[in-house]
Amino acid sequence: MRVDDFDFELPNERIALHPARPRDSARMLVVRPDSAPLLDDRGVRDLPALLEPGDALVFNDTKVIPAQLEGTRTRGDAVARIGATLHLKAGDDRWWAFVRPAKKLVVGDRVRFRAEEGAAAGETCLLGTLDATVAEKRETGEVLLAFDLAGPDLDQAIAAVGHIPLPPYIAQKRGEDAADRDDYQTIYAQKEGAVAAPTAGLHFTPELMAAIDARSIERHLVTLHVGAGTFLPVKADDTDDHKMHSEWGEITRETAEALRAVRARGNKVVAVGTTSLRILESAAQGEDGLAAFSGETSIFITPGYRFRAIDALMTNFHLPRSTLFMLVSAFSGLAEMRAAYAHAIAREYRFYSYGDASLLFPKDAS
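From a predicted model like this one, the values you see are computed outputs, not experimental measurements. Residue numbers run consecutively from 1 along every chain, following the written order of its sequence. Local features in this predicted model are restricted to residues whose pLDDT is 70 or higher, and side-chain atom pairs enter the listing and the counts only when it is 80 or higher, whereas totals over whole chains, interfaces and linings include all residues. For side-chain calculations, the full set of non-hydrogen atoms in the structure is used, while hydrogens and water are omitted.

This part takes up the sheet that holds strand E10 (residues 142–147). Spatially, E5-E6-E7-E10-E9-E8 is the arrangement adopted by the six strands of the closed barrel, whose pairing is antiparallel. Strand-to-strand, the axes of this sheet are offset by a mean angle of 45°, without reference to chain direction. We treat two strands as partners when DSSP finds at least two bridges between them. Working definition: helices are DSSP H or I runs of at least four residues, strands are E runs of at least two. Numbering for both runs from the N terminus. Pairing between strand E5 (residues 68–75) and strand E8 (residues 110–114): three bridges, direction antiparallel. If you follow Gly71 over to E8, its bridge partner there is Phe113. The sheet contacts of helix H2 (residues 151–161) involve E5, strand E6 (78–91), strand E7 (94–100), E8, strand E9 (129–137) and E10, and relative to E9 the element is tilted by about 110°. Comment: axis = line fitted to C-alpha atoms, over the contacting stretch for helices; angle = value between 0 and 180 degrees taken between N-to-C directions. Any pair of residues with heavy atoms lying within 4.5 Å of one another is described as a contacting pair.

Dropping the structure here:
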């Protein structure tokens, strides 16, 4: 399909720069392609009432790390400022990163990342610096960084010198503030490794979780470490020519069995976020349906895809021409999602990571 088919105009003022407070006070647009009315203006707190006892919500328990690093490359007397966004762990001491400006780096270069400007040249990481060597460089601008530390020591160093990698459409308008370390993290985050939040999950509060439990709706956890590739624009003219970046994910055997049981008795599996959806669908590609999974996935879902693992999707509102808008269009129909987004813009819903939510039901493929 043409990428232009997934374009739409979004007024700048519809982009949310801060989350709703409390989190579950956000609005939620319900989209039912095969029912009337197509669109229903609700709120996130209505979620339990919109589902049935015995349905299951699937949450992504990844935890965002402060993966935005700032530093300098020194080569002789020449010094260049370098920004790096870690996006895929490649070993105990290595991360693939998107770097700006990538042209300033060659294999073998040394880069020193600092927690703040003015750090002394001889400082150790514990005092605010972290050193790395450029081990590999791709034509796409991705760089493999081999750090001087490894394992838990490296994790602690990244936490010390890094910043929360706010999405570009927020970072371009304001700097990181003290609240972002909590705001840009789900309340159920457990496993460190994401460089972008699974943002549908940002709407959940302990009170909403209690209401879900009281409604006898199951809760299950999966993991997908969201990479910075989620923010990259689709540069191809045709969806067939776009290449997704890989992300690491996992579903346990026990979770796969529990979710198969949900559907077997006629209840719904509801993915909380496109990341949960992507790991579920990645784990459902075999002949036996949903099964345990552990590894990288680069699944790319566009209209025409046959969904195997989910029955509904809770998600935020996505960028025009993005792989995520393609995904929701595949699930609920392109015409229906264009109508839903036009409605959301007209009704002043808040868009993107800190914005409002939607609850999507599938369009009948027949």
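So, about helix H7 (residues 274–282). Buried means the residue's accessible area, taken with a 1.4 Å probe over protein chains only, is under 20% of the maximum for its type, while exposed means over 50%, and partly exposed covers the values in between. The buried fraction of H7 amounts to nine of the nine residues, a majority that puts the element mostly inside the structure. Turning to H7, its buried residues are Thr274, Thr275, Ser276, Leu277, Arg278, Ile279, Leu280, Glu281 and Ser282.

Attention now goes to the pattern of salt bridges. By definition, a salt bridge exists where a carboxyl oxygen of Asp or Glu is found within 4 Å of a side-chain nitrogen of Lys or Arg. What the rule picks out here adds up to 25 salt bridges. For Glu250, the salt bridge is made with Lys191, and the minimal N-O distance between the two is 4.0 Å. On the criterion of sequence distance, the pair formed by Glu250 in strand E13 (residues 247–251) and Lys191 in strand E11 (residues 191–194) is long-range, its members being 59 residues apart. Of the residues examined, Glu250 reaches a relative accessible area of 26% and is grouped as partly exposed. Salt-bridge contacts for Glu254 lead to Arg253; the nearest nitrogen and oxygen are separated by 3.2 Å. The class for Glu254 is partly exposed, based on a relative accessible area of 48%. Judged by its relative accessible area of 48%, Arg253 is partly exposed. Put simply, Asp40, Arg42 and Asp46 are held in one network by salt bridges that share partners.

Judged by nonpolar contacts, the single largest core of 62 residues is most densely connected at Tyr184, Leu280, Leu290, Ile310, Leu313, Tyr341 and Phe351. Among the elements that line this core, the one with the most residues is helix H8 (residues 323–332), at six residues. By convention a nonpolar core is built from buried Ala, Val, Leu, Ile, Met, Phe, Trp, Tyr and Cys residues, the set being connected through side-chain atoms within 4.5 Å.

Another aspect to go through is the pairing of E7. Side-chain positions along a regular strand alternate between the two faces of the sheet. Of all seven residues in E7, five are buried; the element is thus mostly enclosed. Where E6 and E7 come together, seven bridges link them in antiparallel fashion. Of the residues in E7, the one forming a bridge with Gly83 is Arg100. Bridging between E7 and E10 involves five bridges; their strand directions are antiparallel. The partner of Trp96 across the bridge, within E10, is Leu144.

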